[in-house]
Amino acid sequence: MTPVAQVSTAPAGPKVTTVEEIVGSLESGMTIGIGGWGSRRKPMALVRAIYRSALEDLTVVSYGGPDVGLLCAAGKVRRLVAPFATLDSVPLEPHFRAARQRGAIELTEYDEGMFMFGLLAAAHRLPFLPTRAGLGSDVMRVNPGLRTVRSPYGPAGEEAEELVAVPALTLDAALVHMDRADTRGNGQYLGPDPYLDDLFAKAATRCYVSCERLVDPGKLDGPPQSLLISRMHVAGVVETPGGGHFTDCGPDLGRDEAFQRHYATSAADPQAWAAFAGRFLSGDEAAYREAVRRWHEERERGEGTR
């Protein structure tokens with residue numbers, strides 16, 4: 001279940017902002033990177049706010065999960081750049097699948113490694129980076145605009161190695177969700193994997209961090225390697241307890257599998273989706289948390305869970 005929202009005791013800082021201010025700073029037509037991986041540590045409070053906004057015509061760059069699905073369901077996405085769109089325990093994100101099948105979105109599909117190199121190139125302000133990933137695969141066929149380069153190095157007399165030149169995935173804005181952050185914008189993950197959130201932050205013109213808990217500077221306890229996001233890359237930080245729901249945000253919260261199944265089942269039927277959206281997505285984040293809490297109570301009592 002979604003936890004009760006907690007009020008931060010950390011003082012407001014120059015980078016502390018609100019969900020509404022973050023989404024209000026975005027513009028239609030932007031290229032927006034969304035951190036996390038599949039249905040894991042996604043900045044869903046920010047995604048839900050975009051869902052409710054007037055933003056449209058977005059290019060979304062993501063290791064896709066329900067972030068991609070919700071924005072496809074709302075008609076916000078013009079192009080998706082991704083290696084996949086999955087809910088992990090549900091193999092294919094249902095709203096993404098429906099949007100793709102009806103031709104509602106364009107898709108740039110990369111191998112996972114190619115995708116990482118695209119972010120890495122943007123992070124280093126390079127036009128591209130070479131990689132062997134994708135050679136000999138259908139990635140080259142479905143992306144006819146991809147080019148190859150010849151290595152300038154190698155044994156004399158041998159043909160130079162051919163490599164894929166992955167273009168930089170430069171982002172207008174990046175949205176990432178951390179377990180902890182301080183008021184200066186430093187972000188910390190406490191789960192098993194950093195994913196590629198640091199590259200999203202570095203690849204973007206500006207990065208916004210949502211977090212489960214906001215603390216004072218110097219209060220991010222844990223091993224140094226868990227300090228993933230540097231404040232130098234962050235334009236704003238906001239505390240959103242339960243803001244990653246329903247994705248996996250361990251150790252604070254595991255994935256809400258029951259609610260994820262409800263989401264996926266509702267996506268399969270227009271009438272069921274209209275009921276889901278009306279109940280869970282028509283209000284602000286506080287209304288969302290309350291609706292989810294009530295849904296779980298009804299489920300535990302064996303009542304209908306529409």
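Residues numbered from 1 in each chain as written. Predicted model: local features only at pLDDT ≥ 70, side-chain atom pairs only at ≥ 80, totals over all residues. Heavy atoms only, no water.

Chemist: Could you clarify how one ought to interpret the overall build of the protein in this entry?
Modeler: Along the protein, the regular secondary structure elements total 10 helices and 12 strands. In terms of C-alpha radius of gyration, the protein reaches 20 Å, essentially the compact-globule figure of 19 Å for 306 residues. Once the C-alpha set of the protein is aligned to its principal axes, its extents read approximately 75 × 50 × 35 Å. Burial analysis of the protein (306 residues in total) assigns 51% to the buried set. Taking all contacts inside the protein whose residues are at least 6 apart in sequence as the whole, residues at least 24 apart take part in 74%. In the structure as shown, the protein presents an accessible area of about 13,800 Å², 50% of it carried by carbon and sulfur atoms. Distance between charge centroids for the protein: 2 Å, based on 33 positive and 39 negative side chains. (Helix = DSSP H or I, 4+ residues; strand = E, 2+ residues; numbered from the N terminus. Rg over C-alpha atoms; globule rule 2.2 N^0.38 Å. Buried < 20%, exposed > 50% of the residue type's maximum accessible area, 1.4 Å probe, protein only. Contact = heavy atoms within 4.5 Å. Areas by Shrake-Rupley, 256 points an atom, 1.4 Å probe, with all protein chains shown as cover. Lys, Arg positive; Asp, Glu negative; His and termini not counted. Charge placed at Lys NZ, Arg CZ, Asp CG, Glu CD.)

Chemist: Would you explain the sheet that holds strand E5 (residues 128-131) in this entry?
Modeler: In any sheet, the strands associate via hydrogen bonds between backbone groups, in a parallel or an antiparallel arrangement. The 3 strands lie next to each other as E5-E7-E6, forming an open sheet whose pairing is antiparallel. Of all the strands in the sheet, just E5 and strand E6 (147-150) have a single pairing partner and so form its edges. Mean inter-strand twist for the sheet, computed between neighbouring axes without regard to direction, equals 40 degrees. Summarising the sheet, E5 and strand E7 (residues 162-167) pair through 4 bridges and their orientation is antiparallel. (Pairing = 2+ DSSP bridges. Axes fitted to C-alpha atoms, helices over the stretch in contact; angles between N-to-C directions.)

Chemist: Looking at this structure, I do not really get the packing of helix H3 (residues 66-73) against helix H4 (residues 94-101). What am I missing?
Modeler: Two quantities define a packed helix pair, namely the angle between the axes and the distance from one axis to the other. Where H3 contacts H4, the axes come no closer than 7 Å and their chain directions differ by 50 degrees. As summarised for this structure, H3 and H4 are arranged oblique, according to the angle between their axes. Crossing hand, H3 versus H4: left-handed. Between H3, through Val68, Gly69, Cys72 and Ala73, and H4, the contact on the second element is made entirely by His95, Phe96 and Ala99. (Parallel < 35°, antiparallel > 145°, perpendicular 65-115°, else oblique. Left-handed = near helix turned anticlockwise from the far one by under 90°.)

Chemist: Looking at this model, I keep getting lost on the environment of Ser230. Mind explaining?
Modeler: Of note, Ser230 is situated in the loop between strand E11 (227-229) and strand E12 (234-239). On the accessibility criterion, Ser230 (29% relative accessible area) is partly exposed. Spatially, the C-alpha atom of Ser230 lies 28 Å from that of Leu70, the residues being 160 residues apart in sequence. Residues within four places of Ser230 in sequence aside, it is in contact with Gly185 and Asn186.

Chemist: Hey, could you run me through the pattern of salt bridges in this one?
Modeler: Here the idea is simple: oppositely charged side chains can pair when their charged atoms come close. According to the stated counting rule, one finds 17 salt bridges in the structure shown. Ionic pairing is found between Arg40 and Asp88, a salt bridge with its closest N-O pair at 3.0 Å. A residue pair is termed long-range when its members are at least 10 positions apart, and Arg40 in the loop between strand E1 (31-34) and helix H2 (44-52) and Asp88 in the loop between strand E3 (77-82) and H4 qualify at 48 residues. Assessed through its relative accessible area of 28%, Arg40 is described here as partly exposed. Judged by relative accessible area, Asp88 falls into the partly exposed class, the value being 26%. A salt bridge links Arg41 to Asp197; the nearest nitrogen and oxygen atoms lie 2.8 Å apart. Of this pair, Arg41 sits in the loop between E1 and H2 while Asp197 sits in helix H7 (residues 197-203), and the two are 156 residues apart along the sequence. (Salt bridge = Lys/Arg side-chain N within 4 Å of Asp/Glu carboxyl O.)

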